[in-house]
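Each chain is listed here by its residues.
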Amino acid sequence: MSSSTLLFFKKWFLISSFCLISVTNVYAQVFINGTVINEYSERIPAATVQVKSTPIRTITDANGNFALQVPDSASTLLTTARGYILHQTKINRGTSFTIQLTIDATFPGEKVYVGYGTQSKQTVAGAIATVRGDELSQSPVLALSNTLAGRLPGIIVINRSGEPGNDGASLYIRGNNALGDESALIVIDGVLERMGGLDRINPIDIETISVLKDASAAIYGWRAANGVIMVTTKKGKIGKPSLSYSFDQGFTNPTVIPKVTNASQYAHLLNELNIYQLPVSEWEAAHQAYRSTGSYLRPNGSVRSAPFSPEDLAKYQSGSAPWSHPNTDWFEATLKNFSPQVRHSLRLHGGTERFHYLASVGYLNQDGNYINSATSYKQYDARLNLNFEVNKYIKINVGTLGRQEVRNTSIRPASSIFRTLQLALPHEHAYWPNGLPGIALRSEHNPVVISTKLPGYHRSIQNFVQTNTSFEISVPRLNGLKFISMAALDQYTEAIRLWENPWTVYTRGNGFETDGITPRLLATSYGPNEPRMTPGSTKQLNLFLEGVLSYHKSFRNHTLYLLVGTNRETTKSDHQYNTARERLSTSRLGHLGRIEYNFSRKYLAEFVWRYDGSFMFPKEERYRFFPGFLAGWVISEENFWKRTVPVVHFLKLRGSVGQLGNDQINMPISTPNNTYRYLATTSSNLGLEGLILANKIHFEFDVFSNQRTKFIWDSQGNILRLPVEYLGKLQDKGWDLKLGYLHQSTHLQYRLSANAGQVRNKIITWNLPFHVQTWPIGMPFSSYFVYEYDGVFKTQAEIDANPLNYSALTNQLRPGDMKFRDTNGDGKITPEDRIFLPNSNLPLFQGGINASIQYKNIDLVLLVQGAAGAKQFVSSVESGISSNYLLDTFENRWTIDHPSSVHPRITNRGDQYYSVGNTYWLRSSNYLRLKNFELGYSLPTRAIGKIGLKSTRLHVSGFNLFTIDKLKVLDPEADNNLGYYYPQQKIFNMGLSASL
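Calculation notes
- Residues numbered from 1 in each chain as written.
- Predicted model: local features only at pLDDT ≥ 70, side-chain atom pairs only at ≥ 80, totals over all residues.
- Heavy atoms only, no water.
- Salt bridge = Lys/Arg side-chain N within 4 Å of Asp/Glu carboxyl O.
- Helix = DSSP H or I, 4+ residues; strand = E, 2+ residues; numbered from the N terminus.
- Buried < 20%, exposed > 50% of the residue type's maximum accessible area, 1.4 Å probe, protein only.
- Pairing = 2+ DSSP bridges.
- Contact = heavy atoms within 4.5 Å.
- Domains from an automatic or database assignment.
- Buried area = accessible area lost by both parts, 1.4 Å probe.
- Polar contact = N/O pair within 3.5 Å; in protein donor to acceptor, adjacent residues only side chain to side chain.
- Nonpolar A, V, L, I, M, F, W, Y, C, P; charged D, E, K, R; others polar.
- Axes fitted to C-alpha atoms, helices over the stretch in contact; angles between N-to-C directions.

1. Some words on the pattern of salt bridges
One side chain can pair with another of opposite charge once the charged atoms of both are near each other.
Link 1 in the chain: Summed over the entire model, instances satisfying the criterion amount to 45 salt bridges.
Link 2 in the chain: With its nearest N and O atoms 3.8 Å apart, the salt bridge here joins K121 to E689. Taken together, the residues span a long stretch of sequence, with K121 in the loop between strand 9 (117–120) and strand 10 (128–132) and E689 in strand 34 (residues 679–692) at a distance of 568 residues. Considered together, K121 and E689 belong to a single accessibility category, that of buried residues.
Link 3 in the chain: Among the ionic pairs, D897 bridges to R291, the shortest N-O distance being 2.1 Å. Pair noted here: D897 is in the loop between helix 11 (887–891) and strand 47 (922–924) and R291 is in helix 4 (residues 283–292), with a separation of 606 residues, a long-range link.
Link 4 in the chain: The exposure class of R291 is partly exposed, given its relative accessible area of 48%.
Link 5 in the chain: Each of the salt bridges in this network shares a partner with another, and the network as a whole consists of K121, K652, R654, E689, E700 and D702.

Structure representation (structure tokens):
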């Protein structure tokens, strides 16, 4: 073959290969189209839709539509728009897509829910904190309030109990804002105080939670003084039906179990108590005698025997005599290592241009910590949200919720069971060696029995049916005028059953069984003579009616929004327990309004008000006017700012002042009193927020003051009892901060944020009578009033050299007694030496650090939360000859062998002057804890697409996994200084979610 022929074939081969590749590429292209919307089903123009890892992209049109040719091998679309978080969509051989973008919560254009409407974040002048429901669902905890910890600035979240069904957290918005009821007002989908509250809402149903922290809450009037928490549930969205399912299997155990002494340690302590009944001069000799022989020959010739001989101590230590010398760990005998909890959720949503729907069902089951537990919680819930656009003038929104909550507990409350667990004597039997139950605290309260269903159970079945329907009418030919009417009906029933059985425990009897070895046991029955059932029931019907007229007008650079409305709430309830019955009816009527104005979205002004009536007060005092004034300046919209500080893209200064009320004064409805008034709060706030470095960094900082007046106290210094009078002023001052950073790229996204808040309370004026113990001006309300600990008398020589007179507290000082500081310098220790401390059991500071990272198919979420400034009493005032001691007391005490100048001598059931009421027993409850952790992996779309799934994600998560604190004896969130409560829980969880 000639060279020219060879050259021809080479050229032909190259050209043919090129054409073949081109043709192949043409036929390997897939045409796709779709729509980009936000969470409110609003279409997003100018969004970028790009094939991942390629330059192929397009821009959505004015209606949010796009069309694109993509390679057949393409697996993922990346969609971005200004003000939204980058979204990845798996193609999975689909050709038509509805892509929903999540609004970046830091972006000025984000929609923020405020009282009776929404505002753009840029034009919000109030202090409003917001969290999205998707963040809350990352936590495996089942009570919704616990998921808010560490996520919102200015919100103090404290979990006081982990009991199934009763494990919700206490929420304090900017501190303790009230005397009496401290609860924030809960508004769910615009309806005030829905039955069942916040805790049992399924987190997959939540779109956002917004918290009104300042005068923006004045539009809620009489129930706004403690702040307002607004919950907005999810609605359907435009697109084909989408079905999603999630499953979580968790295992819980207590964060802290109080450590108590074992039988040998407890016996040593009782021997010491016996010695301390002798004169101090005999302590050393008695101690040596008890240790060697178990008996002591006194100088007067009498013989004193130790409660426990050296032989007894050895048997307790070795465990060689289980019948006569047991060593019982009551916590181990009563509690499981782990308790299961499970949650299933199923959701269906979709819609067209004029009809959106969302339906969800959920189930959860939470077991108690006890072995063979009588305590458990089950929940069944279903929600249906429908949105109709009848025509361009009329919209109808319908929401329905059904939920059943089943709580089972033992016949004794958790506080009684855990009291017994802590105090039960370690040389008593939880179970005798033959398996029969013994007694505890010399009574029937053996927790291994009481915590089960053997003696009976208490069951509460609560049913909630909630419906709300609203009509939104835009008035034709009057552009911007809108009328919304809403009716909500809540029906609640509760059936209570207390079932009690007789039960038997066993004590040591006389003699032995026929084998001559096994001790004979004596059976003792407790409880009713015959099984019995005590019924109870509650029925309640709440009706909420509302009408709101609004007008929105923009002309040139001016924007005006006007709103007026009225709502009425009525409640009828019927309570019956056994033979007692009570029927109640209440009503409220409120008129409200808002005026908003902004110029060029630069200068902002707002006035909100409510004229409110409450059934809590007599007719002539029933109504009150609550105003709120808000203003803001978007500095970044000024030309001078754009020229000089371009790196700060958004900066807003805002402020507010207003009057807030609280009528929750716990007054018996049947005893109206003309002296009652509202508890009034004057709220003021100044805030600054901004975005820096192409919106990557965002910050918010607020300072505030809440001054409460006309609070109510009775003439004896007891809160909220008749007769009442007005007393003084209280003030809360503080700040809260939020700071965050967002990074987005093709493969890596991460978000870091921190929030913190501090609040200090003080008394401005105080008008209690002189004979009533009061807190001084300038000190916090509810601060501790205690003696100041100043060490311990280590020896008798120190006592002899002591110049202070303790006769007001004790007749005789002895080694191991506690020293107090003479604060008034009069040479005597008396009650006048007690001081007020600027602390209570509520933290002054609380904050959190959040981190979320996504790299390709792997995602990680971390939440570290902490609190500071609270103190908690830790004291074993019931410990003594008939009840156990904390191990902490055993390890840190004055003894004859090892006299201490720091830790005092043990006491017998609080029988010494230093047993309570001094700073030694106060411990810091500051803590830092890994509140939430979640690690997830999304399966490759090509693998799951073959079985028809859009997405599948596996995850492991945890709650309260790790804590750094100094309290140690109890959980730092505890408020029961004795530890008599159901403990907070750690949760280890695994789960999956899938959609199709």
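Okay, back to it.
2. Here's the deal with the sheet that holds strand 15 (residues 206–212)
Link 1 in the chain: Taken together, five strands build an open sheet; the order of strands is 10-15-16-13-14 and the sheet is mixed. Looking at strand neighbours, the two that pair on one side only are strand 10 and strand 14 (191–192), the edges of this open sheet.
Link 2 in the chain: Of the pairings in the sheet, the one linking strand 13 (residues 185–188) to strand 14 comprises two bridges and is antiparallel in character. Residue pairing across strands places V187 opposite L192, the latter belonging to strand 14.

3. Considerations on the environment of L930
Link 1 in the chain: Tracing the sequence through the fold places L930 in strand 48 (residues 927–938).
Link 2 in the chain: On the accessibility criterion, L930 (21% relative accessible area) is partly exposed.
Link 3 in the chain: As a C-alpha pair, L930 and I849 span 81 residues in sequence and 9.7 Å in three-dimensional space.
Link 4 in the chain: Setting aside residues up to four positions removed in sequence, L930 forms contacts with L862, L863, V864, F959, N960, L961 and F962.

4. Re the pairing of strand 5 (residues 76–80)
Link 1 in the chain: Summarising burial for strand 5: four of the five residues are buried, a large majority.
Link 2 in the chain: Both strand 2 (residues 48–51) and strand 5 contribute to a ladder of four bridges, which runs antiparallel. Looking at the pairing, V49 lines up with T79 of strand 5.
Link 3 in the chain: The turn linking strand 5 back onto strand 6 (residues 87–90) is made up of six residues, and G83 within it adopts a positive phi angle of 90°.

5. As for the domain arrangement of the chain
Link 1 in the chain: Parsing the chain into structural domains produces domain 1 (29–100), domain 2 (111–248), domain 3 (263–318) and domain 4 (339–714 + 724–784 + 841–875 + 916–995).
Link 2 in the chain: With 90 residues of domain 2 at the contact, the number on the domain 4 side is 146 residues.
Link 3 in the chain: Of the roughly 10100 Å² buried at the junction of domain 2 and domain 4 (both faces included), carbon and sulfur atoms supply 51%.
Link 4 in the chain: Across the domain 2-domain 4 interface, the total number found is eight salt bridges.
Link 5 in the chain: In this structure, the salt-bridge partner of D736 is K213, at a minimum N-O distance of 3.5 Å.
Link 6 in the chain: One can count 62 residue pairs in polar contact (both at pLDDT 80 or more) joining domain 2 with domain 4.
Link 7 in the chain: Tallied by class, residues from the side of domain 2 that touches domain 4 come to 38 nonpolar, 32 polar and 20 charged.

6. Focus on the side chain of S242
Link 1 in the chain: Among the structural elements, S242 can be located in strand 17 (residues 239–254).
Link 2 in the chain: Discounting residues that sit within four places of it in the chain, S242 has contacts with R347, L348, H349, K950 and L996.

7. Here's the deal with the environment of D367
Link 1 in the chain: Looking at the secondary structure, you find D367 in strand 21 (residues 355–367).
Link 2 in the chain: With 232 residues separating them along the chain, D367 and F599 place their C-alpha atoms 57 Å apart.
Link 3 in the chain: Look past the residues within four positions of D367 in its chain and what remains in contact with it is P164, K336, S339, P340, S373, T375 and S376.
Link 4 in the chain: Here K336 takes part through its side chain, which lies 3.0 Å from a polar atom of the side chain of D367.

8. Regarding the sheet that holds strand 1 (residues 29–37)
Link 1 in the chain: With mixed pairing, three strands are arranged side by side in an open sheet as 4-1-7. In this open sheet, the two edge strands, each paired with only one partner strand, are strand 4 (65–71) and strand 7 (96–100). For this sheet the average axis-to-axis angle between neighbouring strands, irrespective of direction, equals 30°.
Link 2 in the chain: By the bridge criterion, seven bridges tie strand 1 to strand 4 in an arrangement that is antiparallel. Bridge pairing links I32 to L68 in strand 4.

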